[in-house]
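Residues per chain, in single letters:
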Amino acid sequence: MIKLIYLAAGCFWGVQFQLAKLPGIVSTEVGYIGGHTESPTYEDVCRGNTGHFEAVKVEYDDAVVSSEDVLKLYFEIHDFEQADGQGPDLGWQYLSRIFYTDDEQRQVASTIIDRLRAQTYQVRTLLEPAPKFWPAETYHQNYYEKKGGQPYCHTRRKIF
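Residues numbered from 1 in each chain as written. Predicted model: local features only at pLDDT ≥ 70, side-chain atom pairs only at ≥ 80, totals over all residues. Heavy atoms only, no water.

The chain appears in an unreviewed UniProt entry as Peptide methionine sulfoxide reductase MsrA from Porphyromonas crevioricanis. Regarding the chain, the UniProt comment filed under Function (unreviewed entry) reads as follows: "Has an important function as a repair enzyme for proteins that have been inactivated by oxidation. Catalyzes the reversible oxidation-reduction of methionine sulfoxide in proteins to methionine." (UniProt positions renumbered as here; feature names shortened; annotations may be inferred.)

As structure tokens, this is what we get:
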């Protein structure tokens, strides 16, 4: 079955780049979620007054990859302990959030967070039910695929 989850972990370019490589990922799309403005633009979100997060819409086939595996990779590709953004990208729009679409995703994310905290990590990631997602402008989609190169702020570090 195809499932959907929205993941915010800093600059959406690097998050999309890393998640899209996982076998079982059907599609990814970058955009904005969690705010109070209709149809936000990148410039609106960067001003910091819309309440939106940069996020990646992730569709995955749970017959190939589990929610747990998707979320473990998510935690391994960003600094979930940083409270003010990600790396050099500071601001509300870069905070760590999981926007789940079903109870199984919420439970799996909670279990992973509890496990990380038991290992003394200071997890700043919050869980929220998924609100409306607004796709980002075309030039943001698959940015690193178009540009080439590697993300500057999203590298994988093995935790699990």
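Continuing now.
Draft legend 1. Quick peek at the overall build of the chain. In terms of regular secondary structure, the chain is built from five helices and eight strands. The linear arrangement of helices and strands in the chain, starting from the amino end, is β-α-β-α-β-α-β-β-β-α-β-β-α. For a compact globule of 160 residues, the expected C-alpha radius of gyration is about 15 Å, and the chain comes in at 14 Å, within 12% of that figure. Residue burial in the chain is summarised as follows: out of 160 residues, 49% are buried. Approximately 7,500 Å² of the chain is accessible, and the part contributed by carbon and sulfur atoms is 51%. Side chains of the chain give 16 positive and 22 negative charges; the mean places of these two sets differ by 4 Å. (Helix = DSSP H or I, 4+ residues; strand = E, 2+ residues; numbered from the N terminus. Rg over C-alpha atoms; globule rule 2.2 N^0.38 Å. Buried < 20%, exposed > 50% of the residue type's maximum accessible area, 1.4 Å probe, protein only. Areas by Shrake-Rupley, 256 points an atom, 1.4 Å probe, with all protein chains shown as cover. Lys, Arg positive; Asp, Glu negative; His and termini not counted. Charge placed at Lys NZ, Arg CZ, Asp CG, Glu CD.)

Draft legend 2. Examining the sheet that holds strand S2 (residues 25-33) more closely. Here six strands make up an open sheet; going across it, the order is S7-S6-S1-S3-S2-S8 and the pairing mixed. At either margin of the open sheet sits one strand with a lone partner, and together these are strand S7 (126-129) and strand S8 (133-135). Neighbour-to-neighbour, the strand axes of the sheet open up by a mean angle of 35 degrees, direction not taken into account. Here S2 pairs with strand S3 (residues 53-61) via eight bridges, running antiparallel. The partner of Glu29 across the bridge, within S3, is Lys57. On top of the sheet, helix H3 (residues 67-76) reaches strand S1 (2-9), S2, S3 and strand S6 (96-100); it is set at about 15 degrees to S1, its chief contact. (Pairing = 2+ DSSP bridges. Axes fitted to C-alpha atoms, helices over the stretch in contact; angles between N-to-C directions. Contact = heavy atoms within 4.5 Å.)

Draft legend 3. Fine view of the pairing of S6. Burial analysis of S6 places five of its five residues in the buried class, the great majority of the element. The two faces of S6 match: Ser96, Ile98 and Tyr100 on one face and Arg97 and Phe99 on the other face are all buried. Note: S1 against S6, four bridges, orientation antiparallel. When the bridges of S6 are listed, Leu7 appears paired with Ile98. Bridge count between S6 and S7: four bridges; the pairing is parallel. Note on S7: the bridge partner recorded for Arg97 is Leu126. Note that the unit made of S6, helix H4 (residues 103-118) and S7 has a crossover that is right-handed. (Right-handed = clockwise from strand over helix to strand, strands pointing away.)

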